[in-house]
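Residue-level structure breakdown
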Amino acid sequence: MAKKGKDAKMMMDIDHKGQKFCVKLYTSDMVLTDQELIIGQEQEITRPNGEKSKVKVTIDGSKCITESTDANGTETVARELKADGTLVASMSTKGVSCTRTFKKQ
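All of these numbers come straight from a predicted model, not from anything done at the bench.

Quick notes on the rules
- Residues numbered from 1 in each chain as written.
- Predicted model: local features only at pLDDT ≥ 70, side-chain atom pairs only at ≥ 80, totals over all residues.
- Heavy atoms only, no water.
- Core = buried A, V, L, I, M, F, W, Y, C linked by side-chain atoms within 4.5 Å.
- Buried < 20%, exposed > 50% of the residue type's maximum accessible area, 1.4 Å probe, protein only.
- Helix = DSSP H or I, 4+ residues; strand = E, 2+ residues; numbered from the N terminus.
- Contact = heavy atoms within 4.5 Å.
- Disulfide = S-S within 2.5 Å.
- Pairing = 2+ DSSP bridges.
- pLDDT = per-residue confidence, 0-100.
- Salt bridge = Lys/Arg side-chain N within 4 Å of Asp/Glu carboxyl O.
- Polar contact = N/O pair within 3.5 Å; in protein donor to acceptor, adjacent residues only side chain to side chain.

**Brief notes about the nonpolar core**
In this structure, Met-10, Met-12, Val-23, Leu-25, Val-77, Leu-87, Ala-89 and Phe-102 together form the largest nonpolar core, which totals 8 residues. Listed by contribution, the elements that provide at least two residues to this core are strand S2 (20-26) and strand S8 (87-93). Those residues in contact with Val-23, other than ones at most four positions away along the chain, are Met-12, Asp-13, Thr-33, Asp-34 and Gln-35.

**Concerning the environment of Ala-89**
Structurally, Ala-89 is set in strand S8. By relative accessible area, Ala-89 is classed as buried at 3%. Once the C-alpha coordinates of Ala-89 and Ala-78 are considered, the two residues, 11 residues apart in sequence, prove to be 5.6 Å apart. In contact with Ala-89, not counting residues within four places along its chain, are Val-77, Ala-78, Arg-79, Cys-98, Thr-99, Arg-100 and Phe-102.

**Thoughts on the state of the cysteines**
Per the counting criterion, the structure on display carries 0 disulfides. The thiol of Cys-64 is unpaired, and the distance to the nearest cysteine sulfur, on Cys-22, comes to 12 Å. Unpaired in terms of disulfides, Cys-98 finds its nearest cysteine sulfur in Cys-64, a separation of 16 Å.

**Thoughts on the pairing of strand S1 (residues 11-17)**
Bridge count for S1 against S2 is 7 bridges, and the pairing is antiparallel. By the bridge assignment for S2, Asp-15 is matched with Cys-22. In this structure, the hairpin formed by S1 and S2 is closed by a connection of 2 residues, where Gly-18 is found at a positive phi of approximately 60°.

**Some details on the confidence of the model for the chain**
The predicted model of the chain has a mean per-residue pLDDT of 83, with 91% of residues at 70 or higher. Between the elements of the chain, mean pLDDT differs from a low of 54, seen in helix H1 (residues 2-7), to a high of 93, seen in S8.

**A closer look at the pattern of salt bridges**
Summed over the entire model, instances satisfying the criterion amount to 3 salt bridges. Close ionic contact of Glu-36 with Lys-20 constitutes a salt bridge, the shortest N to O distance being 3.6 Å. Linking Glu-36 in strand S3 (residues 31-38) with Lys-20 in strand S2, this pair joins segments that are 16 residues apart in sequence. Here Glu-36 falls in the partly exposed class, since its relative accessible area comes to 42%. The salt bridge partner of Glu-80 is Lys-82, with a shortest N-O separation of 3.5 Å. Glu-80 gets classed as buried once you look at its relative accessible area, which sits at 19%. According to the relative accessible area criterion, Lys-82 is partly exposed, its value standing at 38%.

**Describing the side chain of Thr-86**
Tracing the sequence through the fold places Thr-86 in the loop between strand S7 (73-81) and S8. A polar atom in the side chain of Thr-86 sits 2.8 Å from the side chain of Asp-84. Among residues more than four places away in sequence, those in contact with Thr-86 are Glu-80, Leu-81, Thr-101 and Phe-102.

Right, here's the structure in full:
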């Protein structure tokens with residue numbers, strides 16, 4: 001399963017209107033998440049595995065930071081759009097961190 005996730009070609013669509021962000025994360029054969037989030041407001045979402053999570057989105061300079069909390073703990077994702085159109089997502093939870101880069105198509 002981990003190899004399949006590592007090799008999957010991930011795609012992300014982000015639509016920003018005022019205080020709302022719509023984020024859709026998917027592969028060529030499945031939608032992983034499709035959420036509408038409001039900056040500064042805590043909301044409950046359903047994760048791809050069906051679990052509920054409380055999520056809050058904030059803006060810090062050029063970064064969009066999402067903190068989500070569920071029964072397994074807290075996860076932080078910081079997304080930053082670089083000048084060349086690359087989106088860098090840095091994720092951390094339980095002392096483990098990773099970074100994923102998305103290139104604009």
